[in-house]
Amino acid sequence: MNAANGNRTESAGTPALEVADVSVTYRTKRRTVEAVRHVSFRADAGSVLAIVGESGSGKSTIVNALLGLLPQGTDVEGRFLLEGRDMTHADERDWLSVRGGLIGFVPQDPQSSLDPTMRIGDQIAEIVRLHRGREAGDVRAESLRLLAEVGIDDPGLRARQYPHELSGGLKQRVLIAQALAGDPRIIVADEPTSALDVTVQKVVLDLLASLVRRRGITLVMITHDLAVAADRADRILVMLHGEAIEQNDTATLLAHPSRDYTRRLLALVPKIDNGNGGDGAMADGASATDGNDGDDERTAVSWLDVTREYRAAVSERAPHGVLTAVDHVSLKAYRGRTLAIVGESGSGKSTLLSMALALNKPTSGAVRVLGDDLGALRGRALRQARRNFQLVQQNPFDSLDPSLTVRQSIEEPLRAFGYGTAARREVRVRELVDRVALPQTVLKARPGELSGGQSQRVAIARALAVEPQLVFLDEPVSALDVSVQDQILRLLAGLQRDLGLTYVFVSHNLAVVSEIADDVAVMCRGRLVEYGTVERVLRHPAEAYTRQLLDAIPGRG
Amino acid sequence: MSVAETTIAAPRAGTAELADPSAVRRALRRVGGWLHASVRYPGTLIAGVFVALVILAAIRPAALTRRDPYATAPAKMLQPPSAEHWFGTDQLGRDLYSRVVYGAQSTILASLVSLSIAIAVGVLFGVIAGYVGGATDAVLMRLVDVLLSIPGLLLSITIVTAIGFGTIPVAVAIGVASIPTFARTARAQTLRVCSSAYIEAAIVSGVTPAGIIARHVLRNVFGPVFSLALLEFGRVIMAVATLSFLGFGAKPPAAEWGSLINEGRSYLMTSSWVPLLPGLVVVLTVLAVTVLAARSEKELKR
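Every value quoted in this text rests on a predicted model; they were computed, and no experiment measured them. (Residues numbered from 1 in each chain as written. Chains lettered and ligands numbered in written order. Predicted model: local features only at pLDDT ≥ 70, side-chain atom pairs only at ≥ 80, totals over all residues. Heavy atoms only, no water.)

Quick word on the overall build of chain B
Thinking step 1. When helices and strands are tallied, chain B shows 10 helices and zero strands.
Thinking step 2. Order of helices (α) and strands (β) in chain B, N terminus to C terminus: α-α-α-α-α-α-α-α-α-α.
Thinking step 3. By principal-axis analysis of the C-alpha atoms, chain B measures approximately 95 × 50 × 25 Å.
Thinking step 4. The proportion of buried residues among the 302 residues of chain B is 44%.
Thinking step 5. In chain B, once contacts between residues fewer than 6 apart in sequence are set aside, the share between residues at least 24 apart is 69%.
Thinking step 6. Averaging the coordinates of the 25 positive side-chain charges in chain B and doing the same for the 15 negative ones gives two points 2 Å apart. (Helix = DSSP H or I, 4+ residues; strand = E, 2+ residues; numbered from the N terminus. Buried < 20%, exposed > 50% of the residue type's maximum accessible area, 1.4 Å probe, protein only. Contact = heavy atoms within 4.5 Å. Lys, Arg positive; Asp, Glu negative; His and termini not counted. Charge placed at Lys NZ, Arg CZ, Asp CG, Glu CD.)

Structural data, given as structure tokens:
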């Protein structure tokens with residue numbers, strides 16, 4: 001099953017990383033899990049290898065094996081070598097000499113990978129001191145140099161700051177700087193950009209690419225995003241259920257994938273193909289502020305010059321201690337159509353959504369949903385109005401109460417709105433479970449037993465329980481694997497057709513939006529930047545920011 | 001064309017396949033787990049047996065002893081432990097063993113009453129403070145802080161002095177002194193639960209605030225509170241015994257453990273079994289309860 005090397009010129013000498021027929025088995029009291037089975041691959045010095053796989057494919061296990069971080073009681077068969085050195089059964093002392101100095105690691109989640117109680121400069125200094133030397137002056141100088149090398153502006157200031165004061169992109173760069181501190185020749189990056197906005201992702205990936213070029217580092221990048229791998233890697237290794245099912249250099253793999261799974265992954269990469277989405281009733285794009293005051297029957301939701309301000313510590317985003325999350329936004333969503341609100345973190349899109357859900361009150365302006373001014377409703381009347389609009393949330397694992405069964409979760413809105421007798425509720429719950437293509441046996445299960453896709457379907461069933469006309473969706477697929485995303489999007493499109501629903505969809509992912517939306521509104525830092533039909537905005541973006549978002553999407557061009 | 005979904009194990013799932021959700025089977029598995037644990041951890045087994053005996057003594061003392069704990073026999077005073085009197089006799093010739101057995105009743109009863117008061121009031125304060133927030137939270141938590149700032153025993157003694165002596169007043173006093181622990185834990189857990197997405201989902205589903213507290217908050221707060229209650233039980237038993245030792249409990253000739261120790265104090269040097277054996281029973285009970293609590297906490301965590 002070894003793929004040919006393609007057109008690459010052979011690099012002389014030992015490969016930087018070589019994995020030969022490695023199998024990793026976890027043994028716990030309850031059961032034995034074969035996480036990785038007979039995987040072989042290699043990475044030549046100075047190249048970029050991407051390991052692509054979905055959850056449960058074994059890619060994280062490979063990473064832990066390469067860093068000697070597998071838990072006690074794990075069986076490893078086969079061999080793996082770092083720069084020719086056999087580390088398969090190395091003990092902790094051997095690993096100490098290798099970690100940091102030979103192989104560096106960039107972890108996945110910048111939010112939780114930095115010690116929140118230490119300043120940035122001290123965290124880097126700790127590693128520099130381990131690998132380079134003790135002179136305080138030298139250590140400090142080296143730390144600042146590293147921060148500058150990863151493109152952090154004003155290293156002196158940043159070194160004195162704490163992690164919570166930095167944005168996600170900056171934190172990720174700090175993690176890269178930490179990985180470089182030992183001057184390694186191999187860097188393993190575990191999903192280095194999946195927690196970041198798309199424009200920031202591009203910047204971080206560019207940084208990694210330039211480091212590879214400049215320092216001749218071998219980069220092994222783990223990712224679930226085939227588009228990123230296609231853009232940035234020299235070779236791609238595809239993993240499924242613990243096996244390496246295909247590996248080849250990028251051009252060959254993309255042009256001639258030899259396995260069905262690879263073909264499926266390639267097909268599923270959401271592409272901006274200019275408006276596949278929705279079966280909206282209206283052909284032309286109405287302007288965002290069309291018929292400003294008059295809400296006719298076509299309008300499902302209107303945000304009328306809405307502003308939301310928060311008190312915050314004085315910072316760049318909040319001069320004078322006021323953070324303007326939403327800044328005088330006027331927007332409409334039309335019945336029967338899907339409006340996508342797109343933006344990066346901090347754009348205000350989630351705040352807009354929560355105002356339309358009456359979970360948040362605007363500082364000024366009004367929000368009308370299906371004719372009702374939400375600001376005027378309270379208590380019972382507000383609860384009654386909620387029958388018409390429901391919500392599907394982002395995190396499928398957190399949106400269901402772990403102490404309730406699926407049946408109880410779906411039944412909850414029915415009980416809250418006093419829907420008939422227990423028997424009628426039971427019938428309705430079964431009907432809903434069918435609609436979202438889940439088996440009836442799922443009713444007895446608890447959320448902890450379900451997968452991400454199954455949980456999200458349950459959340460959709462719950463949202464549809466009281467027959468709302470309008471469904472708000474807050475990044476409903478961003479926490480799911482690519483193959484599951486596609487299924488959920490198709491389910492949502494089908495439901496819209498069958499039930500005549502209106503969707504308001506918040507997302508940071510333009511590619512997903514192009515598949516399902518009719519109209520799109522682009523938000524940046526609280527302001528509405530651009531609005532129009534999906535065809536128009538994605539094909540002929542009028543604003544520079546929209547163009548920037550489109551350009552940053554990996555896999556374009 | 002339908003594609004089998006890659007089963008993504010949720011972060012908390014312990015099994016890869018859809019577990020059999022039947023409640024009966026789950027309960028059986030739990031019991032089986034406990035039995036298994038008791039075989040692997042003999043200390044837990046012994047503790048369990050001991051606590052079971054104590055509870056039996058509290059419910060049906062007659063099952064463990066045939067003698068009358070109040071029957072005095074001055075001729076037989078201060079006899080050391082023997083086959084006839086397992087714990088010997090006290091200064092009035094009463095059988096000490098049966099006094100200890102009958103004493104379990106009031107001690108355990110008082111402990112359960114205090115724990116119930118502490119949990120009921122503490123969780124109420126904590127959940128409301130955590131859910132409503134703002135000024136309500138501040139006021140409730142400052143009240144709790146006041147209770148916390150007074151040393152527990154001193155607070156209990158003050159309350160008992162105010163409301164009168166006896167087993168139930170002791171229970172109330174210790175219950176009140178134990179409120180802060182539960183209030184704080186309940187509040188912290190409520191804050192955690194309220195930041196979850198499913199609370200937002202419940203609001204959007206039209207559930208009233210009361211409904212959210214009853215259905216979502218209380219259920220998810222229950223686990224940590226239960227663990228805490230088990231650990232506190234041992235401490236409360238000790239506190240009840242202490243107060244009755246100090247004389248605030250039931251009047252003689254009632255056979256509370258603490259007062260047994262108190263009565264026997266004077267005979268410590270000459271007939272040491274009189275105070276020491278009841279004391280030993282108290283210590284062993286607290287120890288056994290704590291061992292069980294620690295073991296169940298470990299099992300629950302899995």
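So much for the structure itself; the text now carries on.
Examining the overall build of chain A
Thinking step 1. Along the backbone of chain A there are 19 helices and 20 strands.
Thinking step 2. The globule rule puts the C-alpha radius of gyration for 557 residues at 24 Å, and the 26 Å found for chain A is close to it.
Thinking step 3. Taking the principal axes of the C-alpha coordinates as reference, chain A spans close to 70 × 55 × 45 Å.
Thinking step 4. Expressed as a percentage of the 557 residues in chain A, the buried residues total 53%.
Thinking step 5. Within chain A, residue pairs in contact and separated by at least 24 positions form 69% of the contacts whose partners lie at least 6 positions apart.
Thinking step 6. Of the roughly 23,600 Å² of accessible surface on chain A, a fraction of 47% belongs to carbon and sulfur atoms.
Thinking step 7. Put simply, chain A has 67 plus and 72 minus side-chain charges, and the middle of one group is 4 Å from the middle of the other. (Rg over C-alpha atoms; globule rule 2.2 N^0.38 Å. Areas by Shrake-Rupley, 256 points an atom, 1.4 Å probe, with all protein chains shown as cover.)

So, the side chain of Thr285 of chain B
All names here are of chain B.
Thinking step 1. Take Thr285: it is sitting in helix H10 (residues 273-301).
Thinking step 2. Accessibility expressed as a relative area gives 1% for Thr285, which makes it buried.
Thinking step 3. Side-chain polar atoms of Thr285 contact the backbone oxygen of Val281, separated by 2.6 Å.
Thinking step 4. Excluding residues that lie within four positions of it along the chain, Thr285 makes contacts with Phe50, Val54, Ile237 and Trp257. (Polar contact = N/O pair within 3.5 Å; in protein donor to acceptor, adjacent residues only side chain to side chain.)

With respect to the packing of helix H4 (residues 136-149) of chain A against helix H7 (residues 198-215) of chain A
All names here are of chain A.
Thinking step 1. Interhelical geometry of H4 versus H7 gives an angle of 115° and a closest axis separation of 12 Å. Facing Arg145, Leu146 and Glu149 of H4, the residues of H7 in contact are Leu207, Leu211, Arg214 and Arg215.
Thinking step 2. Among the residues forming the contact of H4 with H7, the class breakdown is three nonpolar, no polar and four charged. (Axes fitted to C-alpha atoms, helices over the stretch in contact; angles between N-to-C directions. Nonpolar A, V, L, I, M, F, W, Y, C, P; charged D, E, K, R; others polar.)

A closer look at H4 of chain A
Residue and element names in this part refer to chain A.
Thinking step 1. The terminal C-alpha atoms of H4 lie 20 Å apart, and with 14 residues this matches the ideal 20 Å at 1.5 Å per residue to within 8%.
Thinking step 2. Buried within H4 we find Val139, Glu142, Ser143, Leu146, Leu147 and Glu149. Around the axis of H4, the buried residues are gathered within 160° of arc, so they sit on the same side.
Thinking step 3. Looking at the packing, one finds that the buried side of H4 touches helix H3 (120-131), helix H5 (155-159), helix H6 (168-180) and H7. (Expected span 1.5 Å × (residues − 1). Arc of directions from axis to C-beta.)

Considering the sheet that holds strand E5 (residues 85-86) of chain A
Residue and element names in this part refer to chain A.
Thinking step 1. Pairing is antiparallel across the open sheet formed by four strands, whose spatial order is E2-E1-E4-E5. At either margin of the open sheet sits one strand with a lone partner, and together these are strand E2 (32-43) and E5.
Thinking step 2. Sheet analysis places strand E1 (residues 17-27) next to strand E4 (residues 74-82), joined by eight bridges and oriented antiparallel. Note that in E4 the partner of Ser23 across the bridge is Glu77.
Thinking step 3. On top of the sheet, helix H1 (residues 59-66) reaches E1, E2 and E4; it is set at about 70° to E2, its chief contact. (Pairing = 2+ DSSP bridges.)

Description of the sheet that holds strand E7 (residues 186-190) of chain A
All names here are of chain A.
Thinking step 1. Spatially, six strands are ordered E6-E7-E8-E3-E9-E10 in an open sheet, and the strand pairing comes out mixed. The outermost strands of the open sheet, each flanked by one partner alone, are strand E6 (103-106) and strand E10 (243-249). On average, each strand axis in the sheet is tilted by 15° relative to the strand beside it, whichever way the strands run.
Thinking step 2. Relative to strand E8 (residues 218-223), strand E3 (residues 48-53) runs parallel, the two being bridged by five bridges. Residue Val48 lies in a different strand from E8, and its bridge partner there is Leu219.

A look at the UniProt feature "transmembrane region" (unreviewed entry) in chain B
Residues and elements named next belong to chain B.
Thinking step 1. Per the UniProt record, "transmembrane region" (unreviewed entry) is found at residues 39-59, 108-133, 153-177, 225-250 and 270-294.
Thinking step 2. The straight-line gap between the two end C-alpha atoms of residues 39-59 is 27 Å; of that span, 95% is helix and 0% is strand.
Thinking step 3. With 88% helix and 0% strand, residues 270-294 has end C-alpha atoms that lie 38 Å from one another. (UniProt positions renumbered as here; feature names shortened; annotations may be inferred.)

Side note on the packing of aromatic side chains
Thinking step 1. Under the counting rule described, the total for this entry stands at six aromatic pairs over all chains.
Thinking step 2. Seen from their ring centres, Phe389 of chain A and Phe472 of chain A are 6.1 Å apart, and the 85° between their planes marks the pair as edge-to-face. Taken together, the residues span a long stretch of sequence, with Phe389 of chain A in strand E16 (residues 389-392) and Phe472 of chain A in strand E17 (residues 470-474) at a distance of 83 residues. Per residue, the accessibility class of Phe389 of chain A equals that of Phe472 of chain A, and both read buried.
Thinking step 3. Between the aromatic rings of Phe165 of chain B and Phe248 of chain B, the centroid separation amounts to 5.3 Å while the plane-to-plane angle is 75°, which identifies the pairing as edge-to-face. Taken together, the residues span a long stretch of sequence, with Phe165 of chain B in the loop between helix H5 (152-163) and helix H6 (167-194) and Phe248 of chain B in the loop between helix H8 (209-245) and helix H9 (257-264) at a distance of 83 residues.
Thinking step 4. The positively charged end of Arg308 of chain A is found above the aromatic ring belonging to Tyr310 of chain A, 4.3 Å away from the centroid.
Thinking step 5. It is Arg424 of chain A that lies over the ring of Tyr419 of chain A; its NZ or CZ is 4.9 Å from the centre. (Phe/Tyr/Trp six-rings, centres within 6.5 Å; stacked < 30°, edge-to-face > 60°. Lys NZ or Arg CZ within 6 Å of the ring centre and 35° of its normal.)

Some points on the UniProt feature "domain: ABC transmembrane type-1" (unreviewed entry) in chain B
Thinking step 1. Per the UniProt record, the feature "domain: ABC transmembrane type-1" (unreviewed entry) sits at residues 104-293 of chain B.
Thinking step 2. Between the end C-alpha atoms of residues 104-293 of chain B there is a gap of 19 Å, over a span that is 84% helix and 0% strand.

Things to note about the confidence of the model for chain A
Low-confidence regions, as indicated by low pLDDT, have predicted coordinates that should not be scrutinised in detail.
All names here are of chain A.
Thinking step 1. Chain-level statistics for chain A give a pLDDT mean of 85 and a share of 92% at 70 or above.
Thinking step 2. Mean pLDDT in chain A bottoms out at helix H17 (residues 510-516), which sits at 84, and peaks at E17, which reaches 94.
Thinking step 3. Within the model, the stretch residues 1-11 combines pLDDT values under 50 with 14 contacts to residues more than four positions away or in other chains. (pLDDT = per-residue confidence, 0-100.)

Concerning a nonpolar patch on the surface
Thinking step 1. Taken together, the side chains of Leu45, Val49, Leu53 and Leu56 of chain B make up a nonpolar region of the molecular surface, amounting to roughly 330 Å² of accessible area.
Thinking step 2. For Leu45 of chain B, the location among the structural elements is in helix H2 (residues 42-59). (Patch = residues over 30% accessible without salt bridge, like charges linked within 9 Å, V, L, I, M, F, W, Y side chains within 5 Å. Salt bridge = Lys/Arg side-chain N within 4 Å of Asp/Glu carboxyl O.)

So, the pattern of salt bridges
Pairing is possible between side chains of opposite charge, provided their charged atoms come close.
Thinking step 1. Applying the stated criterion across every chain yields a total of 37 salt bridges over all chains.
Thinking step 2. The closest approach of N and O atoms between Asp145 of chain B and Arg184 of chain B, which form a salt bridge, is 2.8 Å. Taken together, the residues Asp145 of chain B in helix H4 (residues 134-149) and Arg184 of chain B in helix H6 connect sequence positions 39 residues apart.
Thinking step 3. Among the ionic contacts, a cluster of salt bridges with common partners joins Glu142, Arg145, Glu149, Asp183, Arg214 and Arg215 of chain A.

Some thoughts on the confidence of the model for chain B
All names here are of chain B.
Thinking step 1. Scored by pLDDT, chain B comes out at a mean of 86, with 90% of its residues at no less than 70.
Thinking step 2. Within the model, the stretch residues 1-20 combines pLDDT values under 50 with 36 contacts to residues more than four positions away or in other chains.
Thinking step 3. Interface scoring of the predicted complex returns ipTM 0.76; its pTM is 0.77.

Here's the deal with the nonpolar core
Thinking step 1. Of all hydrophobic cores here, the largest spans 57 residues; its most connected members are Phe87, Val170, Ile174, Phe182, Val217 and Trp257 of chain B.
Thinking step 2. Elements with a contribution of two residues or more to this core: H2, helix H3 (96-132), H5, H6, helix H7 (197-204), H8, H9 and H10 of chain B.
Thinking step 3. Excluding residues within four positions of it along the chain, Val170 of chain B makes contact with Val160, Val240, Leu243, Phe248 and Gly249 of chain B.
Thinking step 4. Counting 54 residues, the second-largest nonpolar core is a separate cluster that includes Phe417, Val429, Ala461 and Phe505 of chain A. (Core = buried A, V, L, I, M, F, W, Y, C linked by side-chain atoms within 4.5 Å.)

A short note on the interface of chain A and chain B
Thinking step 1. The partner chain B presents 34 residues to the 45 residues of chain A that form the contact.
Thinking step 2. At the boundary of chain A with chain B, total buried surface from both sides reaches about 3,600 Å², with 52% on carbon and sulfur atoms.
Thinking step 3. Three residues stand out in chain A for area buried against chain B, namely Phe397, Glu412 and Glu449 of chain A, and they jointly supply 14% of the buried area on that side.
Thinking step 4. If you look at where chain A meets chain B, you find one salt bridge.
Thinking step 5. The shortest N-O distance in the salt bridge between Arg215 of chain B and Glu412 of chain A comes to 3.9 Å.
Thinking step 6. On the surface where chain A and chain B come into contact, there are nine residue pairs in polar contact (both at pLDDT 80 or more).
Thinking step 7. Mapped onto the side of chain A that touches chain B, the elements with two or more residues apiece are E16, helix H13 (406-416), helix H15 (452-464) and helix H16 (482-499) of chain A.
Thinking step 8. Looking at the side of chain A that touches chain B, its residues break down into 14 nonpolar, 14 polar and 17 charged. (Buried area = accessible area lost by both parts, 1.4 Å probe.)

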